[in-house]
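An overview of the molecular structure
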Amino acid sequence: MADYIWLIPVFPAIGFLINGLLGIKFPKTLTAWVACLSVFCSFVVSAIIFKQFLDLPAEARVFEMTAFDWIVSGDFSTQIAFRIDALSIIMCLIVSGVGSLIHVYSVGYMHGEAGFRRFFTYLNLFVFMMLILVTADNLLLMFVGWEGVGLCSYLLIGYYYEKDSAANAGKKAFIVNRIGDLGFLLGVFLLVTTLASNGVWTLKYSELQANAHLLTPALAMAITLLFFLGATGKSAQIPLYVWLPDAMEGPTPVSSLIHAATMVTAGVYMIARLNFFYTMAPTTLLVITIIGLLTAFFAATIGCAQYDIKRVLAYSTVSQLGYMFVGVGAGAYAAGIFHLMTHAFFKGLLFLGAGSVMHAMSGELDMRKMGGLRKKIPITYWTCFIACLAIAGVPGLSGFFSKDEILWMTYSRNGANIWFWLFGAATAGLTAFYMFRMFFNTFHGTCRASEEVKHHIHESPKVMTIPLMVLAVLSLVGGYVGVPHLLGGSNYIEKWLEPVFGHAPAPAAQSMHAFDLSVIGNAFASSGASGTVHETSAELYLMIAAIVIGLSGIFIAWLFYVKNPELPKKFVKKFDGLFNLVHNKYFVDEIYGFIFVNNLFRLGNLCKNFFDEKIIDGIINGTASLVAGMGGLLRRLQNGLVQGYAFAMILGAIFVLYFMIRMIP
Amino acid sequence: MIPASEFKWILPEIILTGWALVLLLIGGFSKGALSSRISGILCLVGSFSALFCTLNLWGVNIDIFNKLYTIDDYGTFLKVVFLIVLTLVTIISFRYTEREGIASGEYYSLLMFGVLGMMVMVSSHHFITIFIGLEVMSLSIYILCGLLRNNVKSVEASLKYFLLGAFATAFLLYGIALIYGSTGILDLVELKRYLLTKQPFAVTMFLAGIGLLIVGFGFKIASVPFHMWTPDVYQGAPTSITAYMATGVKAAAFGALVRVFYTALLPFICGWSTILWVIAVLTMCIGNITALVQRDVKRLLAYSSIAHAGYILVAFITGDREFTSSILFYLLVYTFMNIGAFTVVIMLGRNGEENTDIDSYAGLGVRRPFIALCMSIFLLSLAGIPPLAGFAGKFYVISAAVKSQYYWLAVIAVLNSVVAAYYYLRIITNMYFKEPIRELGVIDDAPQYGFVMLVCVWALFHMGIFPRMFILLAQQATRIFL
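To start, this report covers the structure provided alongside it. Just so it is clear, the model here is predicted, and its values are computed rather than measured.

Parameters and conventions
- Residues numbered from 1 in each chain as written.
- Chains lettered and ligands numbered in written order.
- Predicted model: local features only at pLDDT ≥ 70, side-chain atom pairs only at ≥ 80, totals over all residues.
- Heavy atoms only, no water.
- Helix = DSSP H or I, 4+ residues; strand = E, 2+ residues; numbered from the N terminus.
- Rg over C-alpha atoms; globule rule 2.2 N^0.38 Å.
- Buried < 20%, exposed > 50% of the residue type's maximum accessible area, 1.4 Å probe, protein only.
- Areas by Shrake-Rupley, 256 points an atom, 1.4 Å probe, with all protein chains shown as cover.
- Lys, Arg positive; Asp, Glu negative; His and termini not counted.
- Charge placed at Lys NZ, Arg CZ, Asp CG, Glu CD.
- Contact = heavy atoms within 4.5 Å.
- Phe/Tyr/Trp six-rings, centres within 6.5 Å; stacked < 30°, edge-to-face > 60°.
- Lys NZ or Arg CZ within 6 Å of the ring centre and 35° of its normal.
- Polar contact = N/O pair within 3.5 Å; in protein donor to acceptor, adjacent residues only side chain to side chain.
- Pairing = 2+ DSSP bridges.
- Buried area = accessible area lost by both parts, 1.4 Å probe.
- Salt bridge = Lys/Arg side-chain N within 4 Å of Asp/Glu carboxyl O.
- Nonpolar A, V, L, I, M, F, W, Y, C, P; charged D, E, K, R; others polar.

**Quick word on the overall build of chain B**
When helices and strands are tallied, chain B shows 19 helices and 2 strands. For chain B, whose C-alpha radius of gyration is 21 Å, the value lies close to the compact-globule estimate of 23 Å for 482 residues. With respect to the principal axes defined by its C-alpha atoms, chain B has extents near 70 × 55 × 40 Å. Looking at the 482 residues of chain B, the share that counts as buried comes to 66%. Accessible area for chain B stands at about 16300 Å²; split by element, carbon and sulfur atoms hold 70% of it. Computed over 30 positive and 24 negative side-chain charges, the separation of the two mean positions in chain B equals 3 Å.

What follows is the structure, encoded as structure tokens:
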């Protein structure tokens, strides 16, 4: 029954080939059907496999299938082989499910575009590559998917390639990702050579896991750090996050699918997939936690000072990805994947909502020129409202459960480190603030758009609003697969992922403890180990604290942008310098530009002016004249006269005979 | 006394001979388009039935006719390659021969005789049989090259090839004679046994014999400095015959070369490998550098075929019997990419007007996207770009050199393929990024060409992405040397 798992990635590939090779004369409707159906078929296959998994005992939930030998060289061999287990099926469902919704949405969104077919061709290729990435059963095939999604990301960011900014953003994304990919590749090399020196030639996950003990701690750390460097590129973490905000130059469905829901989470998936190595390297995990927290926090602050709604969402994505890394960094891989899933729902929805707003506002992105859209585009309004509540962590919605799980794991798995928790919780507060800042600015208050734009405001067609509604429902209920024990749930997703990640440490005691403030007091005071006895109560207090922080973020946003719209201006005036610093994204782009880009350009110019023009050109011109000289010589030999040819043969024969006879001892 | 039952092992050869004679008769008694068309179809039927019989021989290892002839997997593998060449060339010839006015029964008959010679050449352990095969092949091709009787270049090519070929044959024969003179043996297996136990009676003579063998075979595989006929002959010969020579003749010559040197002469490897090292390097470098300045695509492909002979020699000189499989694999891959490329060359030409200068390819990507795409695939494969089979072939050849610690040779081969990429890509840039320089008129379009191109494209992708199966076959074929 595992024979057909290869169908999951193959369907979008078929769609890609049909539209790409044959689609020149297709009407738009046909192109759209082919593209959407191909992704939907993948979803159906994934759903069938998921259904089969549900009927199987937990240990048996692994389907493996080898299509063929790919590279065989000596002892080393790699197959084109697929592996579906508890982890990858979740990824498949997200990628193909959210992917289908976004495909459908795009049919409406991209309707008037000239490059309709090109768009869907790339989008199908992307889904194909992404599914290869998550279904691969070895690192090399995963790398194929990894590079493939990078390529599609580049192509789609630069979709409006006539625009300089879009073309540059594409290049930036590609180049920044190269740095990360280099890390990934070096990680693979180091892993292969290390294992090979122990006589093991493999890149297959199951065999890697079985042989993980061959790595020394130092090597495990080096390898995992290199892979993490790859993840920082693809998943936009410090220091390589700078490409993601610029990636918003692409069409909005692309931002939604690639730069929010799926591709950027590849890094999280990769670390979760290689969890057996990461568990061996506590230092790496600490690095991941710190990087994740810093990214989450800084990106959230930047998000508070942007006016472009897509940029707000972009920084929000960077920040939420940071969250996921905090989760996996704490060793709570299931929590990271859980947040990845809920994030795919609500962030995908937010982007689609932003697209719908843009659609209504004739392409306007600046929230200062919006406002009061609540009545005019009600479906977009309500679905965005749900998404904002979800991302802000309001209890009962999906984001709450996953975020809370991560916050709690950050605290409990890092030796009850309250500082980590505080950072995380502060980020949650900021998230709530900037999301509702955007929300209120867009939908509430008076409309600040020009009359002409105002005149055109209209709700999007059904083909766009239905995906919005489906995603809104998912954002509402998606969290209930991971209700923590504390709230009487069973944390189903964690149990589901247990075959992949191994058993989580024993859950906290089930009984509720009496109200005991001293726990928090202790925790604050010592920021050290807190007794397991108090864990449950600690979890509860921390949860309540996080809820309060989140709600106050919403409240402040309400205060600033609904109750008293003059307040933000005063605030900005007062904290002029700070605001400018944050609004300009801490000048990181400028700093990178100054340190790396400029110097690289200078080096490039040096190379061009000196090395290339003087030395290389010199060599080439020299070679050319040499070749020309040789050519002349050869031409004289190659004069068409048989005598000359025979003469050359004689010379050759003499030469051969001379060498042969010289052999005589 | 030869038992009659042994004839069943040479059924493919018998079929080819029979069909070729029938075609010759048809050609003798009736001229005209219809008879040539029938000949073509009959030739195709013949080659298919021979191919079928040959495939049935896979796994058979037997010496027949008093050890004058041998059936083994090595020979069978190469025979399959020759028959593929024959089939593909026959298909492209349907239209081409009619267009150029050389369609006749004799044409197809000679194609079959040529392949017969190749098959004999690679299926013997006996110098005399090998030599007979070589001559049968060569004589057919001397004639085929000059078929365009009204074209001076074609006649010139034929004559040149004949004169120089005779010259080279003399070297080869003299080499065989010297080896016989110093050992008294003409059978490769016995020669090996002899050399393992004692030294030849006259060492100098024996070594000179090896040297002369190198010269003789070096001519057929077009290695420097015995390559000079190649550009002229390839350019002058009818293009379908050029494709036939570039693939079939080369594969046959390499097949015999490997068999002779790996079966019998391995004890003297340190002698011939040094010489062939120099020859391989010269062949790669001169082939590629001269190709850089060519403006005629047929000539360019001729130099490229010289360079490819150099790459194959890289694997050859390692003398490691395990890696001979990479030679067979390379020959198989090389067959498809070259026939594909020459098919495109044919399509661009018209009667008496070949349009083989590189400017003719300008703008082809816009005018005929499909042809341009196929040509790009063939050229990229020749340049060795993954995932095409040319990459896999080059990879195995170079890894053979690395594993046998011929590092410098590997480096030179890689550098050469960089140089080679330039002239292949130049054609591609011409096709896609240049405006058409002049009107070319209608392209000679026929379903046969399209079929051959698709087969080649498919084969290149298939062998590039799944090389393993073919490598395993090649390894089984070369097991006889172990």
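**Notes on the overall build of chain A**
Broken down by element type, chain A carries 27 helices and 2 strands. For a compact globule of 665 residues, the expected C-alpha radius of gyration is about 26 Å, and chain A comes in at 28 Å, within 12% of that figure. Seen through its C-alpha atoms, chain A measures out along the principal axes to roughly 105 × 65 × 50 Å. Across the 665 residues of chain A, 55% fall into the buried class. Across chain A, the fraction of contacts at a sequence separation of at least 24, relative to all contacts at a separation of at least 6, is 80%. Only carbon and sulfur atoms are counted for the fraction: they give 70% of the accessible area of chain A, which is about 26800 Å². The averaged location of the 36 negative side-chain charges in chain A is 9 Å from the averaged location of its 41 positive side-chain charges.

**Describing unusual backbone geometry**
Residues and elements named next belong to chain B. Cis geometry is found at the peptide bond from V224 to P225, where omega equals 5°. Position of P225 relative to the elements: it lies in the loop between α8 (203-220) and α9 (229-236). Note the cis peptide between P386 and P387, where omega equals 5°. Even without a glycine there, the phi angle at N66 is positive, about 55°.

**With respect to the packing of aromatic side chains**
All names here are of chain A. Per the counting criterion, the structure on display carries 69 aromatic pairs over all chains. Pairing F40 with F43 gives two aromatic rings, centres 6.1 Å apart and planes at 35°, and the pair type is tilted. Placement of the pair is F40 and F43 together in helix α2 (residues 28-55), with a separation of 3 residues, close to one helical turn. By relative accessible area, which is 40% here, F40 ends up partly exposed. Every member of this aromatic cluster is reached through a ring pair, and the members are Y381, W382, F385, F436, F439, F440 and F443. Residue placement shows R662 over the ring face of F659; its charged tip is 5.1 Å from the ring centre.

**Notes on the side chain of D137 of chain A**
Residues and elements named next belong to chain A. Among the secondary structure elements, D137 is positioned in the loop between α4 (116-135) and α5 (139-157). On the basis of relative accessible area, D137 is assigned to the buried category, the value being 2%. A polar contact of 3.3 Å, which involves the side chain of D137, links it to the side chain of N138.

**Describing the pairing of strand β1 (residues 63-73) of chain A**
Residue and element names in this part refer to chain A. Note: β1 against strand β2 (residues 76-84), 9 bridges, orientation antiparallel. Within β2, the residue paired with I71 across the bridge is T78. Taking the residues that link successive antiparallel strands as the turn, the β1-β2 hairpin has 2 residues, and the phi of G74 there is positive, at about 60°.

**Topic: the interface of chain A and chain B**
With 27 residues of chain A at the contact, the number on the chain B side is 42 residues. The junction of chain A with chain B conceals about 3000 Å² of combined surface from both sides, 83% of it contributed by carbon and sulfur atoms. Taken as a group, Q638, M649 and M660 of chain A account for 23% of the area that chain A buries against chain B, more than any other trio of residues on that side. For the pair chain A and chain B, the number of links is 1 salt bridge. Between R468 of chain B and D69 of chain A there is a salt bridge, with the nearest N and O atoms lying 3.0 Å from each other. Secondary-structure elements contributing two or more residues to the side of chain A that touches chain B are β1, α26 (588-637) and α27 (642-662) of chain A. Sorting elements by how many residues they give to the side of chain A that touches chain B places α27 of chain A first, with 14 residues. Its residues assigned to classes, the side of chain A that touches chain B shows 22 nonpolar, 4 polar and 1 charged.

**With respect to the pattern of salt bridges**
All names here are of chain A. The full count for this structure, using the stated rule, is 23 salt bridges over all chains. With a shortest N-O distance of 2.5 Å, E147 and R178 are connected by a salt bridge. Of the two residues, E147 sits in helix α5 while R178 sits in helix α6 (residues 164-197), which places them 31 residues apart along the sequence. When its relative accessible area of 23% is taken as the criterion, E147 is described as partly exposed. Residue R368 is joined to D366 by a salt bridge in which the shortest nitrogen-to-oxygen separation is 3.0 Å. A relative accessible area of 45% places R368 in the partly exposed class. One network of salt bridges, with partners in common, ties together E64, R83, D85 and R273.

These results come straight from atomic positions and should not be treated as a statement about function.
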